[in-house]
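# Survey of secondary and tertiary structure
Chain residues, written in single-letter form:
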Amino acid sequence: MKEYNITVVPTNNPKIIKFETNHFLVKGNYEYKNIDEAKNSPLAQQLFYLPFIKTVYIASNFVALERFDIVEWEDVKDEVAQQLVEYLNAGETVVSEEEVKKKQPITVYAEVTPNPAVMKFVSNKRIVPSTYEFKNIDEAKDSPLAKELFHFPFVKEVFMDENYVSVTKYEVADWEEINMQLREFIRDYLADGKEVVTAEAIQKSKETVEQNTVQTDYDDTSQQIIAILEEYVKPAVASDGGNILFQSYEEESGTVSVILQGACSGCPSSTFTLKNGIETMLKNMMGEKIREVVALNG
């Protein structure tokens, strides 16, 4: 029998904490807001007996929990981790995935973005744990959903984050002609409980983040820039179906280089946003340290 170990990992949200395991737990991604929703997950049901648990997220190799304000994670995380270890090592069921194969109540709506070539398809449930970008079908080998989308001749690129899929189209098609088709395809795919990205892809993404954290020794200015991008810029570009990543800062020239993904990449208005939004914000907040912001693929 597998022996499970738990690693407690804080998140950017102080109310949510992750309990990562050394073995895979489930094939899909699941979110439960209350004990009634968790009828197919004995583990989630047990967790909801803890009075401070608000939401339970279960993915390939972790359980993430959102708390109510009545406690701080620092006071209870070790107790919860021990409970999870004992549950898993007892061989108890995490999620009855056979039951989940029934159609799930998924809604998907289409949302326009500043980039006329990109449409954002938003789900009412979380579909991936982090950002994924696929420029072609070869890059999509670790995402069954993206691979399926590339079978549509008008799909050029696919970007995923949290609860949405951004699709970039070729000029050969108009959104009026393909919007409904794509929306219904994505909705049915998710409702069937099919795999969006593989467990291997999730693990690789996690390892990449860890490697970058260990290997990258940012100076104080770079850390300030990253903090500003995370707090003020990322939420805005995410709402437009894209993402922004810090690449580098050159002290001598005062140049900040960023990478734009999803709807932001190649968007006609991205240059305006970059110069009049992000660049202006960084200059105002950091003064003469910043002279220019450039996008490597925007």
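Residues numbered from 1 in each chain as written. Predicted model: local features only at pLDDT ≥ 70, side-chain atom pairs only at ≥ 80, totals over all residues. Heavy atoms only, no water.

In the annotation of an unreviewed UniProt entry, the entry for the protein chain reads NifU family protein, and the organism field reads Flagellimonas okinawensis. According to the UniProt record, the Sequence similarities (unreviewed entry) comment for the protein chain is "Belongs to the NifU family." (UniProt positions renumbered as here; feature names shortened; annotations may be inferred.)

The backbone phi angle of E162 is positive, close to 50°, even though this residue is not glycine. Position of E162 relative to the elements: it lies in the loop between β9 (155-161) and β10 (164-169). Under the relative-accessibility criterion, E162 is labelled partly exposed at 34%. (Helix = DSSP H or I, 4+ residues; strand = E, 2+ residues; numbered from the N terminus. Buried < 20%, exposed > 50% of the residue type's maximum accessible area, 1.4 Å probe, protein only.)

Read from one edge of the open sheet, three strands run β11-β12-β13, paired in mixed fashion. Each edge of the open sheet is held by one strand with a lone partner, namely β11 (242-250) and β13 (292-295). Within the sheet, the average angular offset between the axes of one strand and its neighbour, ignoring direction, is 25°. Bridging between strand β12 (residues 255-262) and β13 involves four bridges; their strand directions are parallel. Bridge pairing links V258 to A295 in β13. (Pairing = 2+ DSSP bridges. Axes fitted to C-alpha atoms, helices over the stretch in contact; angles between N-to-C directions.)

When the charged atoms of two side chains lie near each other, side chains of opposite charge can form a pair. Considering all chains together, one arrives at 13 salt bridges under this definition. Here E157 and K135 are joined by a salt bridge, their closest N and O atoms 3.3 Å apart. Placement of the pair is E157 in strand β9 and K135 in the loop between β8 (132-134) and α4 (144-149), with a sequence separation of 22 residues. A residue is classified by how much of its surface remains accessible, and E157, at 17% relative accessible area, is buried. When salt bridges with common partners are traced through the structure, they connect K15, R67, D69 and E72 into a single cluster. (Salt bridge = Lys/Arg side-chain N within 4 Å of Asp/Glu carboxyl O.)

The next thing to look at is the sheet that holds strand β6 (residues 108-112). Within the open sheet, the five strands sit side by side as β6-β7-β10-β9-β8. Their pairing is antiparallel. Either end of the sheet is taken by a strand with one partner, and the two such strands are β6 and β8. Strand after strand, the sheet turns through a mean of 20° between neighbouring axes, direction not considered. Docked against the sheet, helix α5 (residues 175-191) engages β6, β7 (118-123), β9 and β10, running at close to 30° with respect to β7. (Contact = heavy atoms within 4.5 Å.)

Counting 32 residues, the largest nonpolar core has L149, V158, M160, V165 and L182 as its most contacted members. Here this core gets seven residues from one element, more than from any other, and that element is α5. Of all hydrophobic cores here, the second largest spans 31 residues; its members include I53, I58, L84 and Y87. (Core = buried A, V, L, I, M, F, W, Y, C linked by side-chain atoms within 4.5 Å.)

The next thing to look at is α5. An α-helical turn contains 3.6 residues, so any two residues separated by three or four positions project in the same direction. Over its 17 residues, α5 runs 23 Å from end to end, which matches the ideal 24 Å to within 8%, given 1.5 Å per residue. All of the buried residues along α5 are W175, I178, L182, R183, I186, Y189, L190 and A191. On its buried face, α5 sits against β6, β7, α4, β9 and β10. Phi turns positive, to about 70°, at G193, one or two residues after α5. (Expected span 1.5 Å × (residues − 1).)

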